[in-house]
Amino acid sequence: MSDQIPAPGRQRSSALVGAAKTGLWLCVFLAFGWLVVGQLFKGKPDPAATRGAAAGESWMVGEENKRVQELSRQYQAINFGLLSDYYYYSPDPWETPDPSLVRKSRIPDDIKALHGRQVALSGFMMPLTQGADGAREFVLNGSYDMCGFGGPVAVNQWAMVRYVGKGAVPFTHLPLTVFGRLEVGEDRKDGHVQSLYRIQAAAVSLPGGVVE
């Protein structure tokens with residue numbers, strides 16, 4: 001017969017597949033609606049409160065290491081969530097700066113207050129100078145993606161590090177924690193901001209131990 005009635009099991013299977021597809025499309029629709037409409041009703045959080053929350057999420061490499069625990073009592077733990085929680089306009093060297101955006105770019109007072117503090121900051125290493133035993137100068141980046149695939153890295157999302165301890169810091173692609181004196185402020189060259197954050201590092205915690 002050409003008009004066969006589907007078996008009950010097959011009918012239930014088809015119904016489940018249909019329900020799953022409907023649920024998936026509903027989730028996509030709701031997510032899209034939140035991205036487009038939800039932001040219109042989202043209140044702007046208190047910057048000081050959000051930066052305080054971000055600071056509470058700081059972490060250190062080798063937290064179980066006795067020496068890291070000793071250093072953690074001497075250095076204030078901060079993170080890039082705190083340091084980058086504001087917009088700072090920094091055009092590329094080949095661009096002509098927009099004067100209006102330059103005037104609006106300011107480091108918040110609570111970030112400026114960290115100038116001169118002994119801090120512990122974690123991130124990823126991009127060497128600027130490197131010998132056989134490692135680097136004494138490197139960029140500490142808040143994201144592993146230093147090359148910026150998927151988006152440029154903002155100037156307040158990394159720090160220039162100069163290691164002043166003994167020897168050098170071995171290169172690693174894994175996270176590390178820098179312990180040192182933080183400098184906050186615009187370092188300019190030829191009218192362009194080279195960096196906002198610089199650290200004179202006395203110790204560095206790596207997955208294999210502490211260098212100092």
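Everything numeric here is computed off the predicted structure, so don't read it as measured data.

Help me understand the pattern of salt bridges, please; the structure alone is not making it clear to me.
As a working rule, side chains carrying opposite charge can pair if their charged atoms are close by. This model, assessed by the stated rule, comprises four salt bridges. Of the charged contacts in the structure, one is a salt bridge between Arg-67 and Glu-70, with a shortest N-O distance of 3.0 Å. Within this pair, Arg-67 and its partner Glu-70 are both found in helix H3 (residues 66-72), separated by three residues, close to a single helical turn. Using a relative accessible area of 27% as the deciding quantity, one classes Arg-67 as partly exposed.

Just to check I follow, could you spell out the packing of aromatic side chains for this structure?
Any aromatic ring pair is given by two values, namely how distant the centres are and how the planes are angled relative to each other. Taken as a whole, this structure holds one aromatic pair when the rule is applied. Plain terms: the ring middles of Tyr-75 and Phe-179 are 5.5 Å apart, the flat faces sit at 65° to each other, and that makes the pair edge-to-face. Highlighted residues: Tyr-75 in the loop between H3 and strand S1 (76-78) and Phe-179 in strand S5 (residues 176-189), separated in sequence by 104 residues. The exposure class of Phe-179 is buried, given its relative accessible area of 0%.

How should the confidence of the model for the chain be read in this particular structure?
In low-pLDDT segments, the atomic positions of the prediction should not be examined closely. The predicted model of the chain has a mean per-residue pLDDT of 77, with 69% of residues at 70 or higher. This model gives residues 10-55 a pLDDT under 50, and the stretch forms 17 contacts once residues within four places in sequence are excluded.

When you look at the pairing of S5 in this model, what are you seeing that I'm missing?
Looking along a regular strand, one sees the side chains alternate between the two faces of the sheet. Sheet topology note: the strand S2 (residues 118-131)/S5 ladder contains six bridges and is antiparallel. Counterpart to Gly-123 in the pairing with S5 is Leu-176. In the sheet, S5 pairs with strand S6 (residues 192-206) via 11 bridges, with the strands oriented antiparallel. Across the sheet, Val-184 pairs through a bridge with Tyr-197, a residue of S6.

I would appreciate a short explanation of the side chain of Thr-172 in the present structure.
Mapping Thr-172 onto the fold places it in the loop between strand S4 (158-163) and S5. Taking relative accessible area as the criterion, Thr-172 reaches 12% and is therefore assigned buried. Of note is the side chain of Thr-172, whose polar atom sits 2.9 Å from the backbone nitrogen of Leu-174.

What's the story with the side chain of Arg-198 in this structure? I'm lost.
Structurally, the position occupied by Arg-198 is in strand S6. Residue Arg-198 is classed as buried on the basis of its relative accessible area of 16%.

So what exactly am I meant to see when it comes to the pairing of S2 here?
For S1 and S2, the ladder comprises three bridges, and the chain directions are parallel. Bridge pairing in S2 links Gln-76 to Val-119. Pairing between S2 and strand S3 (residues 134-141): six bridges, direction antiparallel. Within S3, the residue paired with Met-125 across the bridge is Leu-140. Between S2 and S3, which pair antiparallel one after the other, the connecting turn spans two residues.

Thresholds applied
- Per-chain numbering applies: the sequence of each chain, read as written, is numbered from 1 onward.
- Whole-chain, interface and lining totals are the exception, using all residues; otherwise, since this is a predicted model, local features are given only for residues with pLDDT of at least 70 and side-chain atom pairs are given and counted only at 80 or more.
- Hydrogen atoms and water are omitted, and side-chain values are computed over all heavy atoms in the structure.
- Think of a salt bridge as a Lys or Arg side-chain nitrogen and an Asp or Glu carboxyl oxygen that are within 4 Å of each other.
- Per the convention used, a helix needs a DSSP run of H or I reaching at least four residues, while a strand needs a run of E reaching at least two, with both numbered from the N terminus.
- A 1.4 Å probe rolled over the protein chains alone gives each residue an accessible area, and that area as a share of the maximum for its type sets the label: buried under 20%, exposed over 50%, partly exposed in between.
- Geometry of aromatic contacts follows a simple scheme: Phe, Tyr and Trp rings, the Trp one being its six-membered ring, pair when their centres are within 6.5 Å, and the pair is stacked under 30 degrees between planes, edge-to-face over 60, tilted otherwise.
- Confidence of the predictor at the level of single residues is captured by pLDDT, which takes values from 0 to 100.
- By the convention used here, residues are in contact when the closest approach between their heavy atoms is within 4.5 Å.
- In this description, strands pair whenever DSSP reports at least two bridges between them.
- Two N or O atoms count as a polar contact when they lie within 3.5 Å, although within protein this holds only if one can serve as hydrogen donor and the other as acceptor, and sequence-adjacent residues are included solely when both atoms are side-chain atoms.

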